[in-house]
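# Fold and contact review
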Amino acid sequence: MDYSSAVFYFFSFILLFSAIKVITSRNPIFSALFLVLSFFSAAGLWLLLQAEFLAIALVLVYVGAVMVLFLFVIMMIDINIEVMKKGFWNYFPAIGFVSIIMLTEIILVLNKPFFKTPALFKPPLKSNTDAIGEVLYSDYILPFEIAAIILLVAI
């Protein structure tokens with residue numbers, strides 16, 4: 001088994017485990033942490049497919065949106081800070097577990113053999129973002145403009 005297959009199986013296992021924990025966890029804080037972990041694992045799988053733009057968009061949009069949403073909900077609910085501080089150490093093992101797994105995933109992605117190009121592989125002339133922009137603004141300009149108008153009307 002080569003390195004990319006091992007990383008794929010690792011990310012897939014973590015993604016399935018964290019998705020199951022999102023659904024089965026009774027505590028919403030734990031569900032949120034496992035949801036963030038599942039998004040990072042899915043982004044790692046996108047990186048294995050050499051879709052860097054989609055991986056970064058997944059992390060920025062979903063992880064950012066989920067955290068902002070939870071912060072907004074916590075701010076809107078009048079929570080006594082002293083009560084929250086009492087249960088802080090109860091969440092620490094789950095936070096540490098998720099943090100260690102995310103750090104392991106980041107180390108696996110940034111490891112040198114992952115970015116090593118095979119001898120027969122010819123690197124693309126343009127980046128993924130350039131290719132997506134070119135197709136979006138040439139072949140799919142009409143659906144893109146219609147979606148933009150629908151979003152503008154919805155605002």
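Everything discussed here concerns the structure shown above.
Quick caveat, the model's predicted, so the values are computed rather than measured.

## With respect to the overall build of the protein chain
- The number of helices and strands found in the protein chain is seven helices and zero strands.
- Overall, the protein chain shows an N-to-C arrangement of helices and strands of α-α-α-α-α-α-α.
- The buried share of the protein chain, reckoned over its 155 residues, is 23%.
- Within the protein chain, contacts between residues separated by at least 24 positions form 66% of all contacts whose residues are at least 6 apart in sequence.
- Summed over all atoms, the accessible surface of the protein chain reaches about 11700 Å², with 75% contributed by carbon and sulfur.

## With respect to the packing of helix α1 (residues 3-24) against helix α2 (residues 28-48)
- Packing of α1 against α2 leaves a shortest axis separation of 8 Å and a crossing angle of 155 degrees. By the angle between their axes, α1 is roughly antiparallel relative to α2. In the packing of α1 onto α2, the handedness of the crossing is left-handed. In this structure, α1 contributes Ser4, Val7, Phe8, Phe11, Ser12, Ile14, Leu15, Phe17, Ser18, Ala19, Lys21 and Val22 to the contact, and α2 contributes Ser31, Phe34, Leu35, Leu37, Ser38, Ser41, Ala42, Gly44, Leu45 and Leu48.
- Along the lines of polarity and charge, the residues of the contact of α1 with α2 split into 14 nonpolar, seven polar and one charged.

## What to know about the environment of Asn128
- Along the chain, the position of Asn128 falls in helix α6 (residues 128-138).
- C-alpha of Asn128 to C-alpha of Ala51: the two residues are 77 residues apart in sequence and 6.7 Å apart in space.
- Ignoring anything within four residues of it in the chain, the contact list for Asn128 reads Gln50, Ala51, Glu52 and Phe53.

## Overview of a nonpolar patch on the surface
- On the surface, Met67, Leu69, Phe70, Phe72, Val73, Met76 and Ile77 cluster together to form a nonpolar patch covering roughly 640 Å² of accessible area.
- For Phe70, the location among the structural elements is in helix α3 (residues 52-76).

## Side note on the nonpolar core
- Residues Leu37, Phe39, Leu58, Val98 and Met102 are the most contacted members of the largest nonpolar core, which totals 15 residues.
- Where this core is concerned, the elements lending two or more residues are α2, α3 and α5 (88-109).
- For this core, the leading source of residues is α2, giving seven residues.
- Core analysis: the second largest hydrophobic core is formed by six residues, Phe11, Leu45, Leu108 and Val109 among them.

## With respect to the side chain of Ser18
- Looking at the secondary structure, you find Ser18 in helix α1.
- Dropping the residues within four chain positions of it, Ser18 is found in contact with Phe34, Leu37 and Ser38.

## A short note on the packing of α2 against α5
- Two numbers describe how α2 lies on α5: the axes approach to 10 Å, and their chain directions differ by 5 degrees. In this view, α2 runs roughly parallel relative to α5, as classed from their interaxial angle. Between α2 and α5, the residues in contact are Ile29, Phe30, Leu33, Phe34, Val36, Leu37, Phe40, Ser41 and Leu47 and Asn90, Tyr91, Ala94, Ile95, Phe97, Val98, Ile101, Met102, Glu105 and Val109, respectively.

## Comments concerning the packing of aromatic side chains
- In total, this model carries eight aromatic pairs according to the counting rule given.
- Both rings, one in Phe13 and one in Phe17, keep their centres 6.4 Å apart while their planes meet at 15 degrees; by these two values the pair is stacked. Note that Phe13 and Phe17 are positioned in helix α1 at a spacing of four residues, about one turn of the helix.
- By relative accessible area, which is 31% here, Phe17 ends up partly exposed.
- Taken together, a centroid distance of 5.1 Å and an interplanar angle of 85 degrees make the contact between Tyr137 and Phe144 edge-to-face.
- When its relative accessible area of 29% is taken as the criterion, Phe144 is described as partly exposed.

So, how was this worked out
Residues numbered from 1 in each chain as written. Predicted model: local features only at pLDDT ≥ 70, side-chain atom pairs only at ≥ 80, totals over all residues. Heavy atoms only, no water. Helix = DSSP H or I, 4+ residues; strand = E, 2+ residues; numbered from the N terminus. Buried < 20%, exposed > 50% of the residue type's maximum accessible area, 1.4 Å probe, protein only. Contact = heavy atoms within 4.5 Å. Areas by Shrake-Rupley, 256 points an atom, 1.4 Å probe, with all protein chains shown as cover. Axes fitted to C-alpha atoms, helices over the stretch in contact; angles between N-to-C directions. Parallel < 35°, antiparallel > 145°, perpendicular 65-115°, else oblique. Left-handed = near helix turned anticlockwise from the far one by under 90°. Nonpolar A, V, L, I, M, F, W, Y, C, P; charged D, E, K, R; others polar. Patch = residues over 30% accessible without salt bridge, like charges linked within 9 Å, V, L, I, M, F, W, Y side chains within 5 Å. Salt bridge = Lys/Arg side-chain N within 4 Å of Asp/Glu carboxyl O. Core = buried A, V, L, I, M, F, W, Y, C linked by side-chain atoms within 4.5 Å. Phe/Tyr/Trp six-rings, centres within 6.5 Å; stacked < 30°, edge-to-face > 60°.

Function-wise, these values are silent; they only describe arrangement.
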